[in-house]
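# Tertiary structure, described
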Amino acid sequence: MTRFRTKLLIAIITLIAGVFLGLGILLGQLFKNYYVHSFNERLKKETALLEKEIIDKGGISSFSRKDINEISNMLETRITLTDRQGKILIDTGKTEGAQEGLHEDIIKKSIPKKSSRQIRLDVQDGTDLHYYWKPIIENHKTTGYLFISTETGELKKAYRGIWWLISASLGIALAVIFLLGSRVAARYAKPIESATQVAIELAKGNYRARTYEDSIDETGMLSSSINVLARNLEEMVRAQEMQQDRLSALIENMGSGLILIDSRGYINLINKGYKEIFHINPSDYLYQLYYEVIEHKEICRLIEEIFMTEQKASRQMYLNIGIERRSFQVYGVPIIGSNHVWKGVLLVFHDITELKKLEQMRKDFVANVSHELKTPVTSIKGFSETLLEGAMDNKETLEAFLSIILKESDRLQSLIQDLLDLSKIEQHGFALNITQFNLLAIIEEVMTMLRNKADSKEIELQLECSEEELFIEGDVYRLKQVFINLITNAIAYTPTNGNVKVKIQGVKEKVYVSVKDTGIGIEKEEIPRIFERFYRIDRARSRNSGGTGLGLAIVKHIVEAHQGNITVKSKVGTGSQFTIELFRDCPRKLK
């Protein structure tokens, strides 16, 4: 920006200096002409006075050298008197040598000229001489000539003084002009420089740059306009960035996979969902042809169909991703810009694997419920029909059949109650009745309730706790239901003469309750599924034990409702251990 100011200042000073130089030369020439004219007029008057003096004293012959010398000294000039032929009669500045001969030659050459007055500038050994001559006329006859010559040193000195004065004035004027010009250039160039700098910053993308506004003239209007432009650009960019951030956040966190392909088939965008679903590295996909990097042929065929038909399409696909087979609902739409310009294809992948699993679970649940309900109902109906056909006349048969009908009715009632409990627990608005209670007392009560059942199989029930009382916060009824289910399962799956041990341990802010048996155990691959509804390890044994297949599902939901955790360790033929982790003080959000 300094270059602009310097150029402006140089241009102004050069222009003014040129004008001043021309004006100085003109003034110098005018002064020179005026001084020469004054010099010539002085010589003319001096010559006329000297001529009159000579004539008044009787002519050249009567004029003495003494008088001529006095006049010469007074006028500081060289006076020469000659006759009509140019012979020197009196010369006040007579010298020897070549200069004297030159002086005589000048006189002889000047006399024949017709003009009554002649001026000549001659150079003599570096000395400039000025000659003025005039004929002396007596009684209308020329009796001789009067020559006056003088050195022009004074004239040259006057010239030097004039030029020195003009040069000094010009130098002072230029210095003043330089100072004033610098301030003027800075005054007008600074806003332009500032506006230029701001424009450069705006071009670089710095929309916060501003220039100062200190006047209301054209430069002030320029600065104001630049600032208004910068503010508008900043607001536009801020709005664009906000919109871009919103769009990026929406695309990245939409929960579905998204891929954008341009009109040439190159992948331009992959969102976070797509990367997580297909476990890919974006650098391997971006700006690559889709059919070279997408491994699933079903996706490539869908893209080709959209390219060819220019119509949106939807497909449900089962894709192998690693060792998993997952289900997707894929939507593809063509992107057509203004004037029907083809932009590319957009694909959205909705992972519906869990929905498919839920749908399958619903179907399995309906089938299992139907099967579990059908079995006791069929038994009740069969034995009732048998009794109605005449079997009730036999008292022993009647008692046996009625006992079976009662047992199946209890089983049906238990199944319906478990379904109601599970449904209630899974409801969105399900709430626990949180109170403080003695966990040790509740477990002792449960073991008392189930002791007869354990004794019938000669199973030893053991309780281990290092504390006499262990108070926790929770829903006492629901947790009692948890322990009943776990201990009942342990007794049911433990052979005769087995052992079921319940251990209670408090560690800092948590409490651990483990139920360990010496039963049949659970296969490792079946452990993740034991908390599913109606899932049984040994279906025949479970049904004979009166189980509904919903107990562990209810246990898991109740424990998780208390923000707790349940884990399982098991070995086939050795037994199983269920461990429940609960908080002493119930989390605030449950209260």
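What comes next is a walk through the structure. (Residues numbered from 1 in each chain as written. Predicted model: local features only at pLDDT ≥ 70, side-chain atom pairs only at ≥ 80, totals over all residues. Heavy atoms only, no water.)

## Some details on the overall build of the chain
Each helix and strand in the chain was counted, giving 15 helices and 17 strands. Among the 591 residues that make up the chain, the fraction classed as buried is 38%. Counting only contacts in the chain whose residues sit at least 6 apart along the sequence, the fraction spanning at least 24 positions is 58%. Of the roughly 35,800 Å² that the chain leaves accessible, carbon and sulfur atoms contribute 55%. (Helix = DSSP H or I, 4+ residues; strand = E, 2+ residues; numbered from the N terminus. Buried < 20%, exposed > 50% of the residue type's maximum accessible area, 1.4 Å probe, protein only. Contact = heavy atoms within 4.5 Å. Areas by Shrake-Rupley, 256 points an atom, 1.4 Å probe, with all protein chains shown as cover.)

## Overview of unusual backbone geometry
Positioned with a positive phi, asparagine 497 is a non-glycine residue whose angle comes to about 65°. Note that asparagine 497 resides in the loop between helix 13 (476-492) and strand 14 (499-507). A relative accessible area of 58% means that asparagine 497 is categorised as exposed.

## Remarks on helix 15 (residues 551-561)
Of all 11 residues in helix 15, eight are buried; the element is thus mostly enclosed. For helix 15, the complete set of buried residues consists of Gly551, Leu552, Ala553, Ile554, Val555, Ile558, Val559 and Ala561. Looking one or two places after helix 15, you find glutamine 563, whose phi comes out positive at around 60°.

## Things to note about the pairing of strand 7 (residues 267-270)
In terms of strand pairing, strand 6 (residues 257-262) meets strand 7 through three bridges, oriented antiparallel. When the bridges of strand 7 are listed, isoleucine 259 appears paired with isoleucine 270. Between strand 6 and strand 7, which pair antiparallel one after the other, the connecting turn spans four residues, and glycine 265 there sits at a positive phi close to 95°. (Pairing = 2+ DSSP bridges.)

## What about the nonpolar core?
Judged by nonpolar contacts, the single largest core of 43 residues is most densely connected at Leu439, Phe483, Ile487 and Phe578. At the level of secondary structure, the elements contributing two or more residues to this core comprise helix 11 (395-426), helix 12 (439-456), helix 13, strand 14, strand 15 (510-517), helix 15, strand 16 (565-571) and strand 17 (575-583). Excluding anything up to four places from it in sequence, leucine 439 contacts Leu470, Ile472, Phe483, Ile504, Val511 and Val513. Counting 26 residues, the second largest nonpolar core, distinct from the first, contains Ala313, Met317, Leu319 and Leu347. (Core = buried A, V, L, I, M, F, W, Y, C linked by side-chain atoms within 4.5 Å.)

## A short note on the sheet that holds strand 15
Here five strands make up an open sheet; going across it, the order is 12-14-15-17-16 and the pairing mixed. In this open sheet, the two edge strands, each paired with only one partner strand, are strand 12 (460-465) and strand 16. Geometrically, the sheet is characterised by an average inter-axis angle of 15° between neighbouring strands, direction not taken into account. Across six bridges, strand 12 lies against strand 14 in parallel orientation. The residue bridging glutamate 464 from the neighbouring strand is lysine 503, located in strand 14. (Axes fitted to C-alpha atoms, helices over the stretch in contact; angles between N-to-C directions.)

## A look at the side chain of serine 256
As for its placement among the helices and strands, serine 256 is situated in the loop between helix 5 (218-252) and strand 6. Polar side-chain contacts of serine 256 include one of 2.7 Å to the side chain of histidine 350. Excluding residues within four positions of it along the chain, serine 256 makes contact with Asn271, Gly273, Tyr274, Val348, Phe349 and His350. (Polar contact = N/O pair within 3.5 Å; in protein donor to acceptor, adjacent residues only side chain to side chain.)

## Looking at the pattern of salt bridges
Inspection of the entire model under this criterion finds 10 salt bridges. A salt bridge links glutamate 560 to lysine 556; its shortest N-O distance comes to 2.7 Å. Of this pair, glutamate 560 and lysine 556 both sit in helix 15, separated by four residues, roughly a single helical turn. Of the residues examined, glutamate 560 reaches a relative accessible area of 41% and is grouped as partly exposed. Lysine 556 sits in the partly exposed class, given a relative accessible area of 28%. (Salt bridge = Lys/Arg side-chain N within 4 Å of Asp/Glu carboxyl O.)

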